[in-house]
Amino acid sequence: MSRTKTMKAILSILSFIMLSKIVHSFSVQSSKVAERTIVGALSTRWMSTPAGADTSIVETCRQKIAAALETEDVKVTGAYDDPNGSHISVEVISLLFEGKRPVQRQQLVYKALWEELQGPVHAVDSMICKTPSEK
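Residues numbered from 1 in each chain as written. Predicted model: local features only at pLDDT ≥ 70, side-chain atom pairs only at ≥ 80, totals over all residues. Heavy atoms only, no water.

Per an unreviewed UniProt entry, the protein goes by BolA-like protein and derives from Cyclotella cryptica. Looking at the protein in UniProt, the text filed under Sequence similarities (unreviewed entry) is "Belongs to the BolA/IbaG family." (UniProt positions renumbered as here; feature names shortened; annotations may be inferred.)

What follows is the structure, given as structure tokens:
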């Protein structure tokens, strides 16, 4: 066999192997996504508060933000109709935002949510942080 034919054969084999791995990874990822979707649809994640009462992740996040930013004007929802709260949207109005840039305001919210972001909360998909005068 000539050198050119040998190289073409090797490239063909390598292409097939790479394509097989790509197809396999997509099928594995698809099954994992389907599994998470099914499990998520059947259950809601709960966290226990120190008081012992069961509280949803969304409510836990709302409570932590309200405590950290000294306000009750906090709205936390599961983004994209996610009942588990793995993706959340946050709206906060707090006096503590006075004189702070938008990024600094967001950092205060992330600081309040830090523990949840290490586990049950995957992402904050949107965040609105305003002062009472901006309301």
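Participant: Hey, could you go over the pattern of salt bridges for me, with residue numbers and the actual values?
Facilitator: One side chain can pair with another of opposite charge once the charged atoms of both are near each other. For the structure shown, the criterion picks out six salt bridges. Here Arg62 ties to Glu72 by a salt bridge, and the two come within 3.7 Å at their closest N and O atoms. Taken as a pair, Arg62 in helix α2 (residues 57-68) and Glu72 in the loop between α2 and β3 (74-78) lie far apart in primary sequence, ten residues in all. Residue classification places Glu72 among the exposed residues on the basis of a relative accessible area of 63%. Linking Arg105 and Glu134 is a salt bridge whose minimum nitrogen-to-oxygen distance equals 2.8 Å. Placement of the pair is Arg105 in helix α3 (residues 102-117) and Glu134 in the segment after β5 (123-130), with a sequence separation of 29 residues. With a relative accessible area of 40%, Glu134 lands in the partly exposed category. What you see here is one network of salt bridges that share partners, running through Glu59, Arg62 and Glu72. (Salt bridge = Lys/Arg side-chain N within 4 Å of Asp/Glu carboxyl O. Helix = DSSP H or I, 4+ residues; strand = E, 2+ residues; numbered from the N terminus. Buried < 20%, exposed > 50% of the residue type's maximum accessible area, 1.4 Å probe, protein only.)

Participant: Let's hear about the sheet that holds strand β4 (residues 87-93): which residues, and what values?
Facilitator: Hydrogen bonding along the main chain pairs the strands of a sheet, whether they run parallel or antiparallel. Across the sheet, which stays open at both edges, the three strands sit in the order β3-β4-β5 with mixed pairing between neighbours. Two strands bound the open sheet, and with one partner strand each, they are β3 and β5. Adjacent strand axes in the sheet meet at a mean angle of 10° when their direction is disregarded. Strand contacts of α2: β3 and β4, with the helix running at about 155° to β3, the strand carrying the most contacts. On the sheet, α3 packs against β4 and β5 and is oriented at approximately 140° with respect to β5. (Pairing = 2+ DSSP bridges. Axes fitted to C-alpha atoms, helices over the stretch in contact; angles between N-to-C directions. Contact = heavy atoms within 4.5 Å.)

Participant: Any details on the nonpolar core? Residues and values, ideally.
Facilitator: Ile65, Val76, Ile88, Val90, Val92 and Val109 are the most contacted members of the largest nonpolar core, which totals 19 residues. At the level of elements, α2, β3, β4, α3 and β5 are the ones that each hand at least two residues to this core. Not counting residues within four places of it along the chain, the set of residues in contact with Val90 comprises Ile65, Lys75, Val76, Val109, Val124, Ser126, Met127 and Ile128. (Core = buried A, V, L, I, M, F, W, Y, C linked by side-chain atoms within 4.5 Å.)

Participant: Please set out a nonpolar patch on the surface residue by residue, giving values where relevant.
Facilitator: Taken together, the side chains of Met7, Ile10, Leu11, Ile13, Leu14, Phe16 and Ile17 make up a nonpolar region of the molecular surface, amounting to roughly 690 Å² of accessible area. Mapping Ile13 onto the fold places it in helix α1 (residues 3-42). We classify Ile13 as exposed; its relative accessible area is 52%. (Patch = residues over 30% accessible without salt bridge, like charges linked within 9 Å, V, L, I, M, F, W, Y side chains within 5 Å. Areas by Shrake-Rupley, 256 points an atom, 1.4 Å probe, with all protein chains shown as cover.)

Participant: Just give me the short version of the environment of Leu69, but keep the residues and values in it.
Facilitator: The topology assignment puts Leu69 in the loop between α2 and β3. A relative accessible area of 2% places Leu69 in the buried class.

Participant: Hey, could you go over unusual backbone geometry for me, with residue numbers and the actual values?
Facilitator: Positioned with a positive phi, Glu70 is a non-glycine residue whose angle comes to about 50°. If you trace the backbone, Glu70 turns up in the loop between α2 and β3.

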